[in-house]
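Structural overview
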Amino acid sequence: GGSSDSKVFVKFYGEKGDTSRMMLAVSDNNLRNYFEVGRVDVFTVDTADIGQINRLLIGHNNEGMRAGWFLDSVQIMVPNHGKHYMFPSHRWLCRDEADGKTEVEIYP
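These lines cover the structure that appears in this document, whether it is placed above or below. (Residues numbered from 1 in each chain as written. Predicted model: local features only at pLDDT ≥ 70, side-chain atom pairs only at ≥ 80, totals over all residues. Heavy atoms only, no water.)

Examining the environment of Trp69
On the secondary structure map, Trp69 appears in strand 5 (residues 69–78). Separated by 25 residues in the primary sequence, Trp69 and Cys94 have C-alpha atoms spaced 6.1 Å apart. (Helix = DSSP H or I, 4+ residues; strand = E, 2+ residues; numbered from the N terminus.)

See the structure below:
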């Protein structure tokens, strides 16, 4: 029950600024049915240089038959800077679970 059919977005906050909310629509590993239990989905997003990332906002639109989602973690790789970030979450993003929130700010 930790999978989601909702549309997922992410927003990055960095030392030089932040991005807009970006929808995670097409994965690099093309697994199609995204955000399923026990799976890693890989997405590439292009942004301006926001410097070192210090937090991110991730969430979903709470639509679909199975809207709720258990998010374990988010990893970000920035090849141009040789950086790798790990953002642990270990929480539900669901109106019917835990605190009822469908988005969360997480920190590396």
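A word on unusual backbone geometry
Look at His90: it is not a glycine, yet its phi comes out positive at around 50 degrees. Tracing the backbone shows His90 in strand 6 (residues 83–93). The backbone of Ala98 shows a phi angle near 45 degrees, a positive value even though the residue is not glycine. Its place among the elements puts Ala98 in the loop between strand 6 and strand 7 (103–106). Under the relative-accessibility criterion, Ala98 is labelled exposed at 70%. (Buried < 20%, exposed > 50% of the residue type's maximum accessible area, 1.4 Å probe, protein only.)

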